[in-house]
Amino acid sequence: MRLSRYFMPILKEAPSDAQIVSHQLMLRAGMIKQEAAGIYAWLPLGLRVLNRIEQIVREEQERAGAVEVLMPTLQLADLWRESGRYDAYGPEMLRITDRHERELLYGPTNEEMITDIFRSFVKSYKALPLNLFHIQWKFRDERRPRFGVMRGREFLMKDAYSFDVDEASARKAYNRMFTAYLNTFARLGLKAVPMRADTGPIGGDLSHEFIVLAETGESQVFCDRRLVEMPAPGNDVNWDDLQGVFDERTSMYAATEEMHDAAAFEAQTPEADRLTARGIEVGHIFYFGTKYSAPMKARVAGPDGKDTEVHMGSYGVGVSRLLGAIIEASHDDAGIIWPDAVAPFDVVVINLRVSDEAVCVACEAAVEALEAAGKVVLYDDTDERPGGKFATADLIGVPWQLTIGPKGLADGVVELKRRATGEKVSVSLDVALETLA
């Protein structure tokens, strides 16, 4: 991709109303444009990152056995009346009436609709366990939308829903999603700590939030430091028995300020391992039994032939919120530092003199070789001054910068910079390409 032909409206300064780092950097890097309070248009650079995050989330859901569907953004109010949540949900729900006077809502979540889909087609316990997920835009009419994509009104969310014949099976499904979340966040370059949470309007008696530690986090958290240092379970686990993974993580203290018990924290955690920090919620999982299946009559014929209400859980990841969380956890004074897995481009090739034919030829050859090796390349072929080119490359956070200029080319070298460390080396173009490939 040539930068001269790309749409990336860089701002030298962030708007004054952007309060946190992720919001400031996303605006400056030309990733989003605010259309209304808490509602954003996603520009090409932001959309590239959003798509990469979405794909990782999708892959880990499928690896854990979930099956993808796609539900509409608009839902019938009658479904929510069946569950008893339509009047209880509150003003965050955007209610709509169509031209035929049918009452609709812009979905803030999908428990009711997925339960309706399930009860329409699944009649026997032999079809269980089942976990269905989708990645779709949601709307919650926050009273005070702020912090950019961290607390917007419209947001992209992955929500999954498990269906099981009894509580024991449902808790196994919960453990599968618990493990899948640990693996997902690790792939995204994040250290996410599971913390016992309030079930809130979703309901149920078992819930965990996954919190990313960041100095600019929205809430205070308290946890055992060993949880932060613990590696993700990975894929070499027994997906049919994950109780050990769950027990290992939940046996140590971890709580948000709303759930914090100072006495329990001190009693359960050695002083050297007590960590108090700021955190950002990036995922939330729930087991709620028959809260929705009972009022909505989602039943299957059990092994004894009798109808039984299925046990359910729901599992959410804020896909668009994750983008902001990654920036909050990974940036410096110069801009964003994307983890390799989600970066919009793998490498930016910087042409220091576009009027020099030899430099242009070398840059074009480098881009061609890198793309042939499967790398996604941004080629800065603009006539901007070198300082501006370097500032842009640092701001947008591409993991590698390959700089080619007339002086270095005459000496047979180019400059290779690793954005995460700031380390620069002068090597031959061949060596640089081998390193990147």
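That block above? That's the structure.
Parameters and conventions
Residues numbered from 1 in each chain as written. Predicted model: local features only at pLDDT ≥ 70, side-chain atom pairs only at ≥ 80, totals over all residues. Heavy atoms only, no water. Helix = DSSP H or I, 4+ residues; strand = E, 2+ residues; numbered from the N terminus. Buried < 20%, exposed > 50% of the residue type's maximum accessible area, 1.4 Å probe, protein only. Polar contact = N/O pair within 3.5 Å; in protein donor to acceptor, adjacent residues only side chain to side chain. Phe/Tyr/Trp six-rings, centres within 6.5 Å; stacked < 30°, edge-to-face > 60°. Lys NZ or Arg CZ within 6 Å of the ring centre and 35° of its normal.

**Q** Can you explain unusual backbone geometry? Please cite residues and give values.
**A** A cis amide bond, omega 0°, links L128 with the succeeding residue P129. Mapped onto the elements, P129 comes out in the loop between α4 (111-121) and β7 (130-139). Backbone geometry at E101 places phi at a positive 65°, although glycine is not the residue there. Mapped onto the fold, E101 is located in the loop between β5 (94-97) and β6 (103-106). According to the relative accessible area criterion, E101 is exposed, its value standing at 63%. Phi angles above zero are rare outside glycine, and F147 is one such case at about 65°. Its relative accessible area of 18% is what places F147 among the buried residues.

**Q** Would you mind going over the environment of S314 in detail, with residue names and values included?
**A** The residue S314 is located in strand β16 (residues 311-318) in this model. The class for S314 is buried, based on a relative accessible area of 3%. Expressed as a C-alpha distance, the spacing of S314 and F288, which sit 26 residues apart in the sequence, is 8.0 Å. Here the side chain of S314 touches E111 through a polar contact of 3.2 Å, side chain to side chain.

**Q** How would you sum up the packing of aromatic side chains? Please name residues and give values.
**A** What the rule picks out here adds up to 14 aromatic pairs. The aromatic ring of Y86 is capped on one face by R95, whose charged end is 4.7 Å from the ring centroid. K291 extends its terminal NZ or CZ atom over the ring of Y292, reaching a point 5.6 Å from the ring centre.

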